[in-house]
Amino acid sequence: MALGLKLKAIREGNGFSQRELAKRAGVTNSSISMIEQGQVSPSVQSLEKVLSGIPMTLSHFFACGENQTEDVFYGENDMQKHDKPYGYMQVLAEKLVGRSVTFKRLYFRPDSGTGDAPLTSFFDQAGWIFSGNILLSAGSTVRKLTAGEGFYLQAYTPFRACNESLTEPAEIIVASQEGE
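Residues numbered from 1 in each chain as written. Predicted model: local features only at pLDDT ≥ 70, side-chain atom pairs only at ≥ 80, totals over all residues. Heavy atoms only, no water.

1. Considering the overall build of the protein chain
Now for step 1: From N to C terminus, the protein chain includes five helices and ten strands.
Now for step 2: Scaling as 2.2 N^0.38, a compact globule of 180 residues should have a C-alpha radius of gyration of about 16 Å, whereas the protein chain reaches 23 Å, well beyond that.
Now for step 3: Taking the principal axes of the C-alpha coordinates as reference, the protein chain spans close to 70 × 40 × 25 Å.
Now for step 4: Expressed as a percentage of the 180 residues in the protein chain, the buried residues total 30%.
Now for step 5: Across the protein chain, the fraction of contacts at a sequence separation of at least 24, relative to all contacts at a separation of at least 6, is 58%.
Now for step 6: Of the accessible surface of the protein chain, which amounts to about 11300 Å², a share of 52% is contributed by carbon and sulfur atoms.
Now for step 7: A distance of 5 Å separates the average location of the 17 positive side-chain charges in the protein chain from that of its 20 negative side-chain charges. (Helix = DSSP H or I, 4+ residues; strand = E, 2+ residues; numbered from the N terminus. Rg over C-alpha atoms; globule rule 2.2 N^0.38 Å. Buried < 20%, exposed > 50% of the residue type's maximum accessible area, 1.4 Å probe, protein only. Contact = heavy atoms within 4.5 Å. Areas by Shrake-Rupley, 256 points an atom, 1.4 Å probe, with all protein chains shown as cover. Lys, Arg positive; Asp, Glu negative; His and termini not counted. Charge placed at Lys NZ, Arg CZ, Asp CG, Glu CD.)

Written as structure tokens, this is what we have:
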């Protein structure tokens, strides 16, 4: 990819107009425009100055993939809430084609849980209690986990999770790597 087109893609990907980037970098609008159109080839120092407005280093600029088209950042409203008996679940980058890691947010309403029957997963799962307290049954072990504590469940380990608080919600962040 030509340097100018790459700069333009990165500038637009960060939501900057040419004017905004020029202002942030302390250069003229025409400098940005001429670089992006391939009319000038900037010196290393000039490109560094332009990139400081993003901010991005030269090495990061040249390491960026040319074909990166998928979203990288996701806001809470970008992730669909899937209703569950205990509250809801959200999956990060749920619609990303070829995603090999699953990263979930599980929200438990007060006095709710996954149910009486144990659940299992085809994949190992690691979890972290983000807020509240969760009573976790994993295999034959039961433990109350508080915010900041975590767990690791091997594939096919039966488990149940319950928020025993009558007033406070609880949240778990869970990651798993899906097999081939």
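This is not the end of the story, as more comes after the structure.
2. A few points about the sheet that holds strand β8 (residues 150-153)
Note: strands within a sheet are paired through backbone hydrogen bonds, in either parallel or antiparallel orientation.
Now for step 1: If you trace the six strands from one edge of the open sheet to the other, you get β1-β2-β3-β10-β5-β8, paired in antiparallel fashion. Of all the strands in the sheet, the pair left with one neighbour each is β1 (82-84) and β8. Direction aside, the axes of adjacent strands within the sheet are offset by 25 degrees on average.
Now for step 2: Pairing of strand β5 (residues 125-131) with strand β10 (residues 170-177) involves six bridges; the strand directions are antiparallel. The partner of G127 across the bridge, within β10, is V174. (Pairing = 2+ DSSP bridges. Axes fitted to C-alpha atoms, helices over the stretch in contact; angles between N-to-C directions.)

3. What to know about the packing of aromatic side chains
Two descriptors summarise a pair of aromatic rings, namely the distance from one centre to the other and the angle between the planes of the rings.
Now for step 1: Taken as a whole and judged by the stated rule, the model has five aromatic pairs.
Now for step 2: When the ring of F61 is compared with that of F62, the centres are 5.0 Å apart and the planes differ by 80 degrees; the resulting orientation is edge-to-face.
Now for step 3: Overall, F61 belongs to the buried group, its relative accessible area being 0%.
Now for step 4: Between Y88 and Y107, the aromatic rings sit 4.8 Å apart at their centres with planes inclined by 15 degrees, giving stacked as the arrangement. Taken together, the positions of Y88 in strand β2 (residues 87-91) and Y107 in strand β3 (residues 101-108) put the pair 19 residues apart, joining distant regions of the chain.
Now for step 5: Judged by its relative accessible area of 22%, Y107 falls in the partly exposed class.
Now for step 6: Seen from the ring of F61, K6 lies directly overhead, with NZ or CZ sitting 5.4 Å from the centre. (Phe/Tyr/Trp six-rings, centres within 6.5 Å; stacked < 30°, edge-to-face > 60°. Lys NZ or Arg CZ within 6 Å of the ring centre and 35° of its normal.)

4. Points about helix α4 (residues 44-52)
Now for step 1: When α4 is considered as a whole, its buried residues turn out to be L47, V50 and L51. Angular distribution of buried residues about the axis of α4 spans 95 degrees; they occupy a single face of the element.
Now for step 2: Elements in contact with the buried residues of α4: α1 (3-13), α2 (18-25), α3 (29-36) and α5 (58-63). (Arc of directions from axis to C-beta.)

5. Some remarks on the nonpolar core
Now for step 1: Core analysis: the biggest nonpolar cluster contains 16 residues, and L106, F108, I129, I134, L136, F151 and I172 have the highest contact counts within it.
Now for step 2: Residue assignment for this core shows that the elements contributing at least two residues are β2, β3, β6 (133-138), β8, β9 (159-163) and β10.
Now for step 3: Setting aside its immediate chain neighbours within four residues, I129 contacts I134, L145, T146, A147, G148, E149, F151, E171 and I172.
Now for step 4: Core analysis: the second largest hydrophobic core is formed by 15 residues, L7, I54, M56 and C64 among them. (Core = buried A, V, L, I, M, F, W, Y, C linked by side-chain atoms within 4.5 Å.)

6. Some details on unusual backbone geometry
Now for step 1: Between I54 and P55 the backbone carries a cis peptide bond, its omega angle lying at -10 degrees.
Now for step 2: Looking at the secondary structure, you find P55 in the loop between α4 and α5.
Now for step 3: Phi is positive for A93, close to 55 degrees, though the residue is something other than glycine.
Now for step 4: Tracing the chain through its elements places A93 in the loop between β2 and β3.

7. Some details on the pattern of salt bridges
Now for step 1: Per the stated rule, a full pass over the model turns up six salt bridges.
Now for step 2: With its nearest N and O atoms 2.6 Å apart, the salt bridge here joins E36 to R11. In this pair, E36 sits in helix α3 while R11 sits in helix α1, placing the two residues 25 residues apart along the sequence. Judged on exposure class, the residue E36 and its partner R11 are both buried.
Now for step 3: We note a salt bridge from R105 to E76, for which the minimum N-O separation is 3.1 Å. One end of the pair, R105, is in strand β3; the other, E76, is in the loop between α5 and β1, and 29 residues separate them in sequence.
Now for step 4: Residue E76 is classed as partly exposed on the basis of its relative accessible area of 42%.
Now for step 5: Through salt bridges that share partners, E76, K81, R105 and E171 make up one connected network. (Salt bridge = Lys/Arg side-chain N within 4 Å of Asp/Glu carboxyl O.)

Honestly, that's just the spatial picture; any functional story needs more than this.
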